[in-house]
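What follows is each chain in one-letter form.
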Amino acid sequence: MTHAALTVADLDFRRTVRSIVGNRTKLLLMAVIAVVALGPITVLGVSLLPTLGEQAVTASLTTDTATTVLEYVTGGIAVLWVLLAVMTVMRTVTAVAAVDEPAFLLLSTAVRNAVVGIVAAEVARYAVVMLPLTALFAGAFAAGAGTPIPVVTATLSVALVVVTAVPVGFLVGIWVRHLITVYEPIARYRTLLFAAFWLAYFGAIATGGLNAVMGTLFTALQASPLGWPGHLLVIGIPGLEPSLSAIAGAIAGTVCLASVALAAAVPAADRHWFADPARTDDDPIDEESSSDRLTALLAGRVSRPVRTVTVTAICRTKRAPIRLAYAGYPLLGALGFIQQIVELGTVPAFLAVLFCLYAVWAAGVLFTLNPLGDLGPALPAVVTSTLTGRQAIRGRMLAGALVGVPLAFVVSLGFGIASPLELEQTAALTVTTVTGAIATPALATGIGSAFPRFGSVNVTNNREAVMPSKTAFAVYTLAIALPSVAAAVLYLEAPELIAGLIASMSAWTPLPSVTIAARTITVMAWAVLLGGLLAPVVSYLYAVERFDWYDFE
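Basis of the calculations
- Residues numbered from 1 in each chain as written.
- Predicted model: local features only at pLDDT ≥ 70, side-chain atom pairs only at ≥ 80, totals over all residues.
- Heavy atoms only, no water.
- Helix = DSSP H or I, 4+ residues; strand = E, 2+ residues; numbered from the N terminus.
- Expected span 1.5 Å × (residues − 1).
- Bend = angle between axes of the 7 residues up to and from the residue.
- 1 Å grid on protein atoms, 1.4 Å probe; cavity = no way out; pocket = protein on both sides within 12 Å on 5 of 7 lines; lining within 4 Å.
- Points joined across faces, edges and corners; volume = space filled by probe spheres on them.
- Nonpolar A, V, L, I, M, F, W, Y, C, P; charged D, E, K, R; others polar.
- Buried < 20%, exposed > 50% of the residue type's maximum accessible area, 1.4 Å probe, protein only.
- Axes fitted to C-alpha atoms, helices over the stretch in contact; angles between N-to-C directions.
- Parallel < 35°, antiparallel > 145°, perpendicular 65-115°, else oblique.
- Left-handed = near helix turned anticlockwise from the far one by under 90°.
- Contact = heavy atoms within 4.5 Å.

Student: Could you clarify how one ought to interpret helix H5 (residues 111–145) in this entry?
Tutor: Three or four residues apart is the spacing at which side chains of an α-helix point the same way, because the helix has 3.6 residues per turn. Taking 1.5 Å of rise per residue, the 35 residues of H5 would be expected to cover 51 Å, and the 48 Å separating its terminal C-alpha atoms lies within 8% of that figure. Of all the bends in H5, the greatest, near 35 degrees, is centred on Ala127. The first or second residue beyond H5 is Gly146, which carries a positive phi of 80 degrees.

And the structure:
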């Protein structure tokens, strides 16, 4: 690389490191993901691979077994290449192609240097994660085999995959981003396209379709050029005879494919970076008409200040729906349940209740979990105006109810009918869910007022929005979860079972035995439930008081 391209790569990579190191939340989240996702695999691999290495040296493989092992290695390498390319396409569309300070970068150096530097930085980001893990696993295998060759070959094999997959993914991603941001017929519907893509993606994960696709690719690409680096990986393993022509093709193909992809990416990036974004002139008209319809719907039913706050909150969210991205995070945990629903052909009763509980939770986080912070730069003007706290908080509660109540009704009725619940139980579930969707916006107002957040945070790599604080999220979730658990304990008549479970668990500990009477658990459950029922009223009154007496100092 030229000095300019190397400088771009260095700056881009160091910017990524600073954004991670300087954000303790992101560091903690990455550590948790690493422990949960990679921890078990790492422990299992490091424990089993030395034994596998010993067996590879001592055991004699038959021709069929050697062929099977080679097919698995080449198929795995090919699938890894596809996954890295797809991930790079997604990252390019959402983050990588949106260069930081483009007015400075694109005027200070040639586009070729910018493209090479950005792609090199992306290669480095993948390499610092993948290569150490590869070396660790290969080292465990090499320790059992008694030779360091697998460490070198495995690391080189994965490096060839990264060096080719990233430029190809960047090339495809830059064109995809150009279509959805510059080409007006597609850019006009990019929000719907993104929603459809993620719906199809998570649907494929939940239904097992993604596993079927990966299985097909694993088999179909074993003998393709994408699997050639796998022959390099098995060099030095007794009983396995890699193809020298495939190894030579992998090395030569890496140079050719990476060079061609970078050469093609330069004019693509030049066209995209210097193009004007698409204009959608109809958006303000549509927004104005929708706000007029909502205003007409509320006219005569609520006061004008409350109506104005409600319409403003909904219209601001409609303009920037990324503000509500956090409301969908809990649904990621439902992917495994969706696969279970598809396999069983019915919705389990407990899952219907969980989805209804999510609808109740979502009704409160949409507009009311950060009533002060959501005002943004307008906060001084709003709190010093003639708008009272009662009007401001009621307007946000009404916005949450207008969106949350229909959602709660559809979710509870739909899942109730699809589940084995009886008609009376479905009706009770629907009424309870709708009532909860009315109460939770009031509950969220006080919690959000007590723990506001005024600054924006990164929702995606290049999109920022003002979100409720983590403390508000945690307190609000507990305020819903604890009364719900208490209600479940009382409904299922489980105090005696819980008392027995506590006594059994304490008997296994060296500490003195703990015994809690079932009656005590019943009293505690009733206390938590009643506290949860009173919490929305108390929270609403606190939010009104907090707004009226808000002090900027």
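Student: How should empty space enclosed by the protein be read in this particular structure?
Tutor: Gaps left between atoms show up when a probe the size of a water molecule is rolled over them. Counted by the stated rule, this structure contains one cavity of 30 Å³ or more. Ala313, Thr317, Arg323, Leu324, Tyr326, Leu366, Phe367, Asp374, Arg396 and Val466 together form the lining of the largest cavity. For the lining of the largest cavity, the per-class residue count stands at six nonpolar, one polar and three charged.

Student: Explain unusual backbone geometry here, please?
Tutor: Trans is the prevailing form of peptide bonds, just as negative phi is the prevailing case for residues other than glycine. One non-glycine residue, Glu101, lies in positive phi territory at about 50 degrees. Within the secondary structure, Glu101 is located in the loop between helix H3 (63–96) and helix H4 (102–108). Overall, the relative accessible area of 59% leaves Glu101 in the exposed class.

Student: I keep staring at the layout of surface pockets and nothing clicks. Help me out?
Tutor: By volume, the second largest pocket amounts to about 1600 Å³. Lining the second largest pocket are 41 residues, with Val353, Leu357, Leu429, Thr432 and Ser484 sitting closest to its centre. Of all the elements in the fold, those that place two or more residues in the lining of the second largest pocket are helix H15 (349–365), helix H18 (423–450), helix H19 (470–491) and helix H21 (518–548). Looking at side-chain class alone, the lining of the second largest pocket contains 31 nonpolar, 10 polar and no charged residues.

Student: Would you mind showing me how to read the packing of H18 against H19 here?
Tutor: Working note: a packed helix pair is described by the angle between its axes plus the distance between those axes. H19 packs onto H18 with a crossing angle of 150 degrees between their chain directions and a minimal axis gap of 11 Å. One finds that H18 runs roughly antiparallel with respect to H19. Crossing angle aside, the handedness with which H18 passes H19 is right-handed. For the pair H18 and H19, the contacting residues are Gln425, Thr440, Leu443, Ala444, Ile447 and Gly448 in the first and Ala472, Val475, Tyr476, Ala479, Ile480 and Tyr491 in the second. Counted by class, the contact of H18 with H19 contains nine nonpolar, three polar and no charged residues.

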